[in-house]
Number of protein chains: 4
Amino acid sequence: MTKPNVTRIAHGVLYVTDLAASRRFYVDLLGLNVLHETEGALYLRGVEDREWTLKLERAPQAGVKHLAYRVHDEADLDALVALAEAQGLPYRWEEELDRPRLLRMQDPFGVPVAFYARPVTHPWLLQEYHLHRGPGIVRVDHVNVMTPNVKGMVDWYGDELGFRLSEYTEDDQGRMWAAWIQRRGSVHDLALTNGRGPRLHHFAFWMPDAMSIIRTCDILAGARQPESIERGPGRHGISNAFFLYIRDPDGHRIELYTNDYVTVDPDFQPIRWSLNDPRRQTLWGAKTPRSWFEEGSVMEAFGGGWVGERESDLEGLPVHVI
Amino acid sequence: MTKPNVTRIAHGVLYVTDLAASRRFYVDLLGLNVLHETEGALYLRGVEDREWTLKLERAPQAGVKHLAYRVHDEADLDALVALAEAQGLPYRWEEELDRPRLLRMQDPFGVPVAFYARPVTHPWLLQEYHLHRGPGIVRVDHVNVMTPNVKGMVDWYGDELGFRLSEYTEDDQGRMWAAWIQRRGSVHDLALTNGRGPRLHHFAFWMPDAMSIIRTCDILAGARQPESIERGPGRHGISNAFFLYIRDPDGHRIELYTNDYVTVDPDFQPIRWSLNDPRRQTLWGAKTPRSWFEEGSVMEAFGGGWVGERESDLEGLPVHVI
Amino acid sequence: MTKPNVTRIAHGVLYVTDLAASRRFYVDLLGLNVLHETEGALYLRGVEDREWTLKLERAPQAGVKHLAYRVHDEADLDALVALAEAQGLPYRWEEELDRPRLLRMQDPFGVPVAFYARPVTHPWLLQEYHLHRGPGIVRVDHVNVMTPNVKGMVDWYGDELGFRLSEYTEDDQGRMWAAWIQRRGSVHDLALTNGRGPRLHHFAFWMPDAMSIIRTCDILAGARQPESIERGPGRHGISNAFFLYIRDPDGHRIELYTNDYVTVDPDFQPIRWSLNDPRRQTLWGAKTPRSWFEEGSVMEAFGGGWVGERESDLEGLPVHVI
Amino acid sequence: MTKPNVTRIAHGVLYVTDLAASRRFYVDLLGLNVLHETEGALYLRGVEDREWTLKLERAPQAGVKHLAYRVHDEADLDALVALAEAQGLPYRWEEELDRPRLLRMQDPFGVPVAFYARPVTHPWLLQEYHLHRGPGIVRVDHVNVMTPNVKGMVDWYGDELGFRLSEYTEDDQGRMWAAWIQRRGSVHDLALTNGRGPRLHHFAFWMPDAMSIIRTCDILAGARQPESIERGPGRHGISNAFFLYIRDPDGHRIELYTNDYVTVDPDFQPIRWSLNDPRRQTLWGAKTPRSWFEEGSVMEAFGGGWVGERESDLEGLPVHVI
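Residues numbered from 1 in each chain as written. Chains lettered and ligands numbered in written order. Predicted model: local features only at pLDDT ≥ 70, side-chain atom pairs only at ≥ 80, totals over all residues. Heavy atoms only, no water.

**With respect to the pattern of salt bridges**
Formally: Whenever Lys or Arg places a side-chain nitrogen within 4 Å of a carboxyl oxygen from Asp or Glu, that contact is recorded as a salt bridge. The numbering of helices and of strands both runs from the N terminus, where a helix is a DSSP run of H or I of at least 4 residues and a strand a run of E of at least 2. Buried means the residue's accessible area, taken with a 1.4 Å probe over protein chains only, is under 20% of the maximum for its type, while exposed means over 50%, and partly exposed covers the values in between.
Under the defined criterion, the tally for this structure stands at 110 salt bridges over all chains. Between Arg70 of chain C and Asp267 of chain B there is a salt bridge, with its nearest N and O atoms 2.7 Å apart. Here Arg70 of chain C is found in strand S5 (residues 63–71), whereas its partner Asp267 of chain B is found in the loop between strand S16 (253–258) and strand S17 (271–274) on a different chain. By relative accessible area, which is 16% here, Asp267 of chain B ends up buried. By sharing partners, the salt bridges in this structure join Arg8, Glu51, Arg70 and Arg99 of chain A together with Asp265 and Asp267 of chain D into a single network.

**Digging into the sheet that holds strand S1 (residues 6–16) of chain A**
All names here are of chain A. Quick reminder of the rule: DSSP calls a pair of strands paired once it identifies at least 2 bridges connecting them. Angles here are taken between N-to-C directions and fall from 0 to 180 degrees, while the axes themselves are lines fitted to C-alpha atoms, restricted in helices to the stretch in contact.
On the basis of which strands lie adjacent, the open sheet formed by eight strands has the order S2-S3-S4-S1-S5-S8-S7-S6 and mixed pairing. Taken across any chain shown, the strands that pair with only one partner, and hence form the sheet edges, are strand S2 (33–38) and strand S6 (91–96). Along the sheet, successive strands turn relative to each other by an average axial angle of 25 degrees, direction set aside.

**What to know about the relation of the copies chain D and chain C**
Heads up, the condition is: Residues below a pLDDT of 70 in either copy are left out; the C-alpha atoms of the rest, at least 70 in both, set the least-squares superposition of the copies. The contact criterion used is simple: two residues touch if any of their non-hydrogen atoms lie within 4.5 Å.
Each copy superposes on the other: chain D lies on chain C with an RMSD of 0.0 Å after a rotation of 180 degrees and an axial shift of 0.0 Å. Here the transformation between the copies is reduced to the relation of a two-fold axis. Both copies share a contact surface, since 100% of the interface residues of chain D are interface residues in chain C too.

**Let's talk about helix H1 (residues 19–29) of chain A**
Two residues of an α-helix separated by three or four positions point the same way, owing to the 3.6 residues in each turn. Residue and element names in this part refer to chain A. Our working rule: Side-chain atoms alone can form a polar contact between residues adjacent in sequence; in general such a contact is a pair of N or O atoms within 3.5 Å, and within protein one must be able to donate a hydrogen while the other accepts it.
When H1 is considered as a whole, its buried residues turn out to be Leu19, Ala21, Ser22, Phe25, Tyr26, Val27 and Leu29. A distance of 3.1 Å separates the backbone nitrogen of Ala20 from a side-chain oxygen at the start of H1, and that oxygen is part of Asp18. Positive phi shows up at Gly31, right after H1, with a value of about 75 degrees.

**Side note on the packing of aromatic side chains**
Applied cut-off: Centres within 6.5 Å make a pair out of two Phe, Tyr or Trp rings, where for Trp the six-membered ring is used; the pair is then stacked when the planes are under 30 degrees apart, edge-to-face when over 60, and tilted otherwise.
In this structure the tally under the stated criterion is 64 aromatic pairs over all chains. With 5.3 Å between their ring centres and 70 degrees between their planes, Tyr43 of chain B and Trp52 of chain B make a pair best called edge-to-face. The residues Tyr43 of chain B and Trp52 of chain B share a single accessibility class, namely buried. Note on Trp124 of chain B and Tyr261 of chain C: the rings are 4.8 Å apart at their centroids and 75 degrees apart in plane angle, and the pair reads as edge-to-face. One end of the pair, Trp124 of chain B, is in the loop between strand S8 (112–116) and strand S9 (139–147); the other, Tyr261 of chain C, is in the loop between strand S16 (253–258) and strand S17 (271–274), on a second chain. For Tyr261 of chain C, a relative accessible area of 2% puts it in the buried group. The rings of Tyr69, Phe109, Phe115, Trp156, Tyr157 and Phe163 of chain A are connected pair by pair, giving a single aromatic cluster.

Coordinates in, geometry out; function isn't part of it.
And the structure:
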C-alpha cells in the first residue's frame, strides 16, 4: 500500500457562536484577509496564503469542525481511503468552498481531520503591502492537539503519514508528554500536547517578525481587550520561536509564531527536552498560566456531536505554572 | 526687550492642488489621522500629536503657506510683535482652526513663519493602537528650509529666538553650508540647507522605529508608487537618524525620521562636519539623488504671491550625488 | 533666592559586592561600555553617553551611594548650597572621577543626591556601531525612588528644583501613590513610587527600540540566567514605554526603556491614572510580580550607614499582582 | 537510473587572498562563528548551522573552489557518480574537514560543484544568544551563479537533480534571463543570472529579520567601510525578500536575506517577471549599481586554473541601473 504523501497543514474550520464578534477579532484587530464571506461563515487567510486557511462557521456551540492537510495529488487521497478502509477509520467525501474534493476522516485518536489535493487558489497579498492590516499575519503555520496519547499519535502519524519528529518532551520514565512533528521541513505542522482530549490546543499563524507580535499586543490593548492575551510574548525553548498566545471571543486559542528553524536535513536529530526543564516552555523564565495547560476546543465527532474525551494517564502540571 | 520663548516647531500649512490625491497619500498610505476636514482642507496629525500638525489646503499652485512654532505663552507673542516692529518685519494676526490667535510674520530671510501659544488640543491616539494606520507616524519633528544664507539664519534664529546649534556643515573656508538648530532638546526644530531660496526642503515626522520606515517603503511599493520614494532608507551621519525622504503628489518632500539623540546639556558642543565628508549625508555611503539637492517647495510672500528666491553664492553639489 | 536650574538625571553610583559578577552582567551581557576601570570600581555608559552614567563601586554591602543630577552651570551649585543652608539639609563637596566638583546633599526625604555642572566628557560611541555590544544600551533615562511620601517629594522637587509632573497615580481619596516628574522634556528624570523608603526602585536606560529589549531577554536566557528577568517585556500604560525590568547580581533593579513621548509643551496636562486601573502598570494585562512592589536598594545615609526607612501609610498592593 | 535526491545548498568554499582581512570582515564585523581554524583556512557558520557552511581558504587569487549540496544519503552520491559517468562529467572524491566523503564534480556548465551526505555536525548556537555577534547571521540560504545559459542550467538542474522553479525573468521573446530554483521548499537553493560565466554572483545567508540587516549596514559604517555595501537594503520583487548585498575584501559578494516565502505546494506556479519590470529587482524603485550586474567571482576548473568564461548572447542591462 502506497503511503499518502502529505504536503503540509492547510486549514482549520472552527465553529464560532457570534460571527460578528469573531469578525471584529480576526479581521478588524488581527487584520486577516476575508477571502470569502457567506451568511454563516468567514473564510480567512494571511498575506502569503493563496487559499483560505481559517474558516469560521457559525454554530450554536464553539468547537472544531476539522483540521485539514494538503496532499500531493489526487492519488494520495485514494491512498488515504485505502488506509481508512484497512484500519476501519470512518471517512466520507465532503465539498467545501474552493476544495471540490475534500476527504473527511477521523484519525484513530478521534481527531476530525480532512485532506485535499488541489484547491482553487487566489492571488496572494504578499506584496500588496498597502492592503496589509493589523500586524500583518503571514500564513498558517501549524496546529496543536491535546491528547492523552501523545506517543500513539506520534507513531501513527509517523508510520502512516510520514511525519518526522522535530522535538519532544519526555519525563524520567521515558514517557512522551509532548511532540512536534512535520512534513514540510519546518519545526511542525502538528504538535501534540499531553492532556484530556482530543481537543484543539491552538491554531497557529506565521508572523513576519517579532515586532509584529509586539504590535499585536498593542493592538489588543488599544482595543481594551488585554484579556485576549493569554501567554507571552516570549521565546520558546522548543522550536526557538518568538510566540504569543491569544484567545478569540469563543475561547479558541491562536498562536502567533515566528523565527523557528529548518528541519529538512535527513540527519536531523530530534531534540529531547526533560519535562522539568523550564527552558522548554520559555527561555525567559516566565510562568505559564494554568489555563494554557487545561483549556482547549472540543472537536466534532464523525457522526455529529462532540468527540468523547479521555483523561491522560500522565497527570500533573509542569512546575512553572502561575 | 524680552526674548520670545519658543517651545518647538509646531505645524506646517502646505498648499496642495488635488486634495483627494493628497488624502490618498497622507491618509490612506501614510496613515496620518484626520483631525478635521473641511471642503478645502485636511488637518492631519500623528498618533502622539494632541493638535493638528500638518494642514493641507487646496490651492491652484502647490507651495508653503507658513511654518509655525509654539511659544511658551501669550506674552511671548507680544515679544515677537515687538521684535517685528523693531526690525521692520511684516506681521499680522490670523485665525486658524484650533489656533484662535496666530501671529503670522515674515522672517528677515523671507520665510513665512507663524507663532501661537495655546492651541485647542484633542485626546491623542498614542495608546489607541488599534486605530493606528499605515506605518504609525508619531509626531511632527522638524522642518528644513533651503536658503542662500544659512549662516545669517543661524545667527538670527539664535540671537532673536534662542535657537541652539546642534550640528553644521562647513567648507574649508569656514563657510556654513547647512545647520541644525533646536529649541526643545532634540537635534533640530529647524534645519537650514544651502541653496536657492527660501524654499521648504522638507517637513519631517518622527517615527516609532526604523522598521516602521521600512514598512513605509513597502506600503508605497504595494500601492505601485515607488517613485514617491526619493532617498533612503538610510542612516544619516548628521543627527544619526534613520531616515526616508518621500515626495507627495505635489512634490512636497516629507522626511520620516527616528533615532536621533538628546541635546539638553548646556555643555553640548555642536558637531562640525566637513562639506566633503560623505558620512555627513549618510553613514552607509549611498549616493543622494540630484533632486534632493535641487528641488523644494515655494513659499508664500507676506502680501500674497510667492517669495522671491535668490541663488546662493555657495555653488556646487557635494561629491556624492547620483 | 534663585532657583537652581537642574538639567537632567545624570548618573547613579551603586555599591556592589562582587565586581567581577557585576562586570559579567553589565558589560559581558548588557554590553555597557567601560569608560574607566579601577581596582574597586567600574565606570559604565551607553553608546550616546559622553560621560559615565553608572558607577559600580565595590563594597561589603549592596546599596545606593547617590543619584546625581546635572545642573546648568556652577552658579546653580551655589543656589543648591543656599537651598541646603536655608532648609538645614546636609551637604558637602566631593570629588569623583570626571566630576571635579560634585555637591553631595541629602534631600528632605533621605535620598542621597548629588549635583554637578561640568563633567569631563569623552567621545561618544553612538556611530561606532561596530563597537556596540549586547543589546546596544543608549543612555541613562531616569531613576525611580520608593518613598512613603510621594506627594511630599513631588512638591519639594517641583517647588525647589522646578520638576514638572508628567503622570501620576491617585486613589479615590485623592492620595498620590506614584508620580513621574521631569526637567528635560521627557516623561521623567525621576519617578516616585509609594512604599517603604527611601529606597531605589530602579535605574533606567534608554534603548534603541523594542527589539533591542527582546534581544536582552534572549541574551540573558542564552547565558542561562532567566531569573535576572523580573518583569516584562511589556508596554506601560504610564509613559507608554516598552519596558523590561531585570535584576543585577546584587538585586539592583535595572529598567530598559524606550518609546515614551515628549513633554515640552507648557500646556501639557499631567495624566492621572486611577490606582486600580490595571492599564496603568501594563497595557497588555500581564500581572506584576510581588517582588517588583516590595524590593528595592537601600540608600547610604549622609554620615555613613544606611538611611533609616519608613513604612508608607498607604498600604496594600494594587490588584494585578501575581 | 535513480535520480539523486538533493537536500539543499550546503556550503561554499571561497579562495581569499588575505585571511586576516577576511577574518575581520566575516568574523569581527559580520559575527560569523569560527567552527574550525587552520593556518590556511577559516570554517564559518551562522547560529543555526550545525556544520560549517562557508570556508575561506587562503590562495594567491580570489575565486570559488566549489559550491556544495547535501544529498539525502550515500546512495545518492552513487547516483551522482552514475550521472557523471553517463554524461561524461568530470568527478573525483575529495576529503574535507567534517565531510569525509565529498564528491567533487563539474556540472555541464563549468560550475565546480560538490555533494556529500553525512557531515560531522556540531551543537548549534541558535539559543546561545549571549554568544551571537554582529547582526546574528542565521544560516546558509542560497547561492547565485552567473551564466550565459540560464535556461540550460534550469533544465539540467531540474531534469537531473529535481530542482523546481520558483520564479524567473523572461524577455518578450520568451528568453529566460534569470531563474530561482529550489529543493527544500524555500524560494531558492540556487539562483541563475544571465551574464558572462560561469561565475559566482553571490553567496547568501539567512538573517533573523530586516532590522538585523539594517544593523549590518550600521556596523559596516561604524567600521568606516561603507564601500562594502554594494546594494540595498531593499525589498526584492522576486522572492519578496528584504536584502542587502555586501562585498568582502576580495570582492566576493555576500547577500544577507530574509522574509521570503514557502514553496512546498505541488501546485505552486512559478512566478514570471518581465525583464523590464523594475519591480522585479526591487519593489522600492532604487536603481541597481552596474557592478552588481557585471562583477562576479571566478570559478576553479576541475583540473586546476579557472573555468573559461563565455559571454552571454543576451546582451544589455535592464533599464534601472545607476
